[in-house]
Amino acid sequence: MRLARVLLATITSLILGATFAQTQLSISTGGTGGVYYPVGGGYAELINDYIDGYTAVAEVTGASVENVALISRGESDIALALADTVYQAYTGTGALEGNQLENLRSLGVAYSNSVQIVTLADSGIDNLQDLVGQRVSVGAPGSGTEVSAQTILNANGITYDDIEEQRLNFNETAAALRDGQIDAGFWSVGAPTSSILDLATSRDIVVLEMSEEEITSSLEADPTFARYTLPAGTYPGQDEDVNTVGTPNVLVVAAEMDEQLAYDFLDALYGHIDEIVAIHPSANETTAENSLQASPIPLHAGAIRYYEEAGHDIPDRLRPPQ
């Protein structure tokens with residue numbers, strides 16, 4: 001009798017274990033000093049709380065360029081990446097020429113990054129052209145920040161031969177500015193971002209404004225850019241609006257993702273967006289309208305079904321090739 005009870009308990013345990021087995025998803029983000037990581041952590045919590053059968057964890061990565069590669073190889077399930085990087089990866093053009101990743105798909109747009117070019121108030125650097133001859137962090141290797149920085153510089157007649165480029169992540173860039181190891185740094189990130197806020201507590205900073213000519217040149221060089229105004233007061237000591245450019249951040253998955261999972265993720269995201277806004281105010285930009293307007297590559301089949309059932313028209317450019 002005792003043996004029978006042991007066998008019954010073992011079988012029950014195995015059945016229950018199979019019933020409640022969870023598939024763990026990986027969400028690729030960026031460094032801890034940016035917005036990707038905390039927002040990605042919020043997405044993981046949505047999955048953990050509202051999608052049956054799945055758990056998720058946010059992973060620290062080198063950001064956009066690395067993230068699209070991880071998605072395409074099936075080593076990550078959901079990623080945040082800048083629209084210019086996503087478009088170049090999907091089409092195999094620009095900085096990613098010859099590395100086309102045709103299985104990338106969009107779930108939508110999370111928010112827009114603004115390109116923030118930061119220096120110290122006493123650096124003598126007042127504009128983009130003043131970066132020539134200076135030590136400049138262009139972003140972490142494999143990051144969308146570097147793609148954006150290089151595009152903006154090249155569009156305005158500045159190459160890496162003209163600067164002493166350093167490839168530092170957000171926290172490293174802030175620390176190097178604080179310690180006088182570099183003269184300026186690029187951020188392409190949702191504002192405000194913690195690494196710049198932390199820097200501004202110990203040093204007087206300046207966010208460089210791009211001229212109308214520089215903005216126009218950048219928009220011509222990359223159609224995924226858009227005009228962006230960083231509001232006055234975003235950072236301590238920033239008393240005026242700063243004109244720059246911005247790039248949407250895309251929620252990227254592989255075409256191979258389960259259609260129902262993609263649908264359920266969007267249902268959880270839009271149904272509980274207040275939870276992501278509580279993590280970072282940039283999530284106020286996470287709307288179906290922004291997603292359908294700014295997604296740079298075709299939508300996933302599950303996303304198309306979600307948006308259509310929500311009453312939205314899908315632009316032809318966002319339908320994947322047959």
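Note that the coordinates shown come from a computational prediction; the quantities given were computed from them, not determined experimentally.

Considerations on the nonpolar core
Okay, step 1: The biggest cluster of nonpolar side chains holds 62 residues, and the ones touching the most others in it are Tyr 43, Ile 47, Phe 265, Leu 266, Leu 269 and Tyr 307.
Okay, step 2: Per-element accounting of this core gives the leading share, eight residues, to helix H9 (residues 259-271).
Okay, step 3: Dropping the residues within four chain positions of it, Leu 266 is found in contact with Leu 107, Gly 271, Ala 303, Tyr 306 and Tyr 307.
Okay, step 4: With 20 residues, the next largest nonpolar core counts Val 138, Ile 158, Tyr 160 and Phe 186 among its residues.

Here we look at unusual backbone geometry
Okay, step 1: A cis amide bond, omega -5°, links Ala 191 with the succeeding residue Pro 192.
Okay, step 2: Tracing the backbone shows Pro 192 in the loop between strand S7 (184-189) and helix H7 (194-202).

With respect to the pattern of salt bridges
Okay, step 1: As enumerated under the stated definition, the model contains nine salt bridges in all.
Okay, step 2: Arg 167 is the salt-bridge partner of Glu 146, the closest N and O atoms lying 2.8 Å from each other. Linking Glu 146 in helix H5 (residues 144-155) with Arg 167 in the loop between strand S6 (164-166) and helix H6 (170-178), this pair joins segments that are 21 residues apart in sequence.
Okay, step 3: Taking the relative accessible area as the measure of exposure, Glu 146 reaches 11% and is therefore buried.
Okay, step 4: Judged by its relative accessible area of 38%, Arg 167 is partly exposed.

A look at H9
Each α-helix winds once per 3.6 residues, and so residues spaced three or four apart point in a common direction.
Okay, step 1: Compared with the 18 Å implied by 1.5 Å per residue over 13 residues, the 18 Å span of H9 between its first and last C-alpha is a close match.
Okay, step 2: Listed as buried for H9 are Leu 261, Ala 262, Tyr 263, Phe 265, Leu 266, Ala 268, Leu 269 and Tyr 270.

Here we look at a negative patch on the surface
Okay, step 1: Taken together, the side chains of Glu 209, Asp 239, Glu 240 and Asp 241 make up a negatively charged region of the molecular surface.
Okay, step 2: Glu 240 sits in the exposed class, given a relative accessible area of 62%.

Digging into the pairing of strand S2 (residues 54-59)
Okay, step 1: Burial of the side chains of S2 is restricted to one face: Tyr 54, Ala 56 and Ala 58 are buried, whereas none of Thr 55, Val 57 and Glu 59 on the reverse face is.
Okay, step 2: Sheet analysis places strand S1 (residues 23-28) next to S2, joined by six bridges and oriented parallel. Looking at the pairing, Gln 24 lines up with Thr 55 of S2.

Structural notes on the packing of H6 against H7
Okay, step 1: Look at H6 against H7: their axes get within 9 Å of each other, and the N-to-C directions meet at 15°. The angle between H6 and H7 falls in the class roughly parallel. Note on packing geometry: the crossing formed by H6 with H7 is right-handed. Touching Phe 170, Asn 171, Ala 174, Leu 177 and Arg 178 of H6 are Ser 195, Leu 199 and Ser 202, all from H7.

Here we look at the packing of aromatic side chains
Okay, step 1: In the structure shown here, the tally under the stated rule is six aromatic pairs.
Okay, step 2: Summarising the aromatic geometry, the rings of Tyr 263 and Tyr 306 are spaced 5.5 Å apart at their centres and angled 70° between planes, so their arrangement reads as edge-to-face. Taken together, the residues span a long stretch of sequence, with Tyr 263 in helix H9 and Tyr 306 in helix H12 (residues 301-309) at a distance of 43 residues.
Okay, step 3: Residue classification places Tyr 263 among the buried positions, given a relative accessible area of 16%.

How each quantity is defined
- Residues numbered from 1 in each chain as written.
- Predicted model: local features only at pLDDT ≥ 70, side-chain atom pairs only at ≥ 80, totals over all residues.
- Heavy atoms only, no water.
- Core = buried A, V, L, I, M, F, W, Y, C linked by side-chain atoms within 4.5 Å.
- Buried < 20%, exposed > 50% of the residue type's maximum accessible area, 1.4 Å probe, protein only.
- Helix = DSSP H or I, 4+ residues; strand = E, 2+ residues; numbered from the N terminus.
- Contact = heavy atoms within 4.5 Å.
- Salt bridge = Lys/Arg side-chain N within 4 Å of Asp/Glu carboxyl O.
- Expected span 1.5 Å × (residues − 1).
- Patch = residues over 30% accessible without salt bridge, like charges linked within 9 Å, V, L, I, M, F, W, Y side chains within 5 Å.
- Areas by Shrake-Rupley, 256 points an atom, 1.4 Å probe, with all protein chains shown as cover.
- Lys, Arg positive; Asp, Glu negative; His and termini not counted.
- Charge placed at Lys NZ, Arg CZ, Asp CG, Glu CD.
- Pairing = 2+ DSSP bridges.
- Axes fitted to C-alpha atoms, helices over the stretch in contact; angles between N-to-C directions.
- Parallel < 35°, antiparallel > 145°, perpendicular 65-115°, else oblique.
- Left-handed = near helix turned anticlockwise from the far one by under 90°.
- Phe/Tyr/Trp six-rings, centres within 6.5 Å; stacked < 30°, edge-to-face > 60°.

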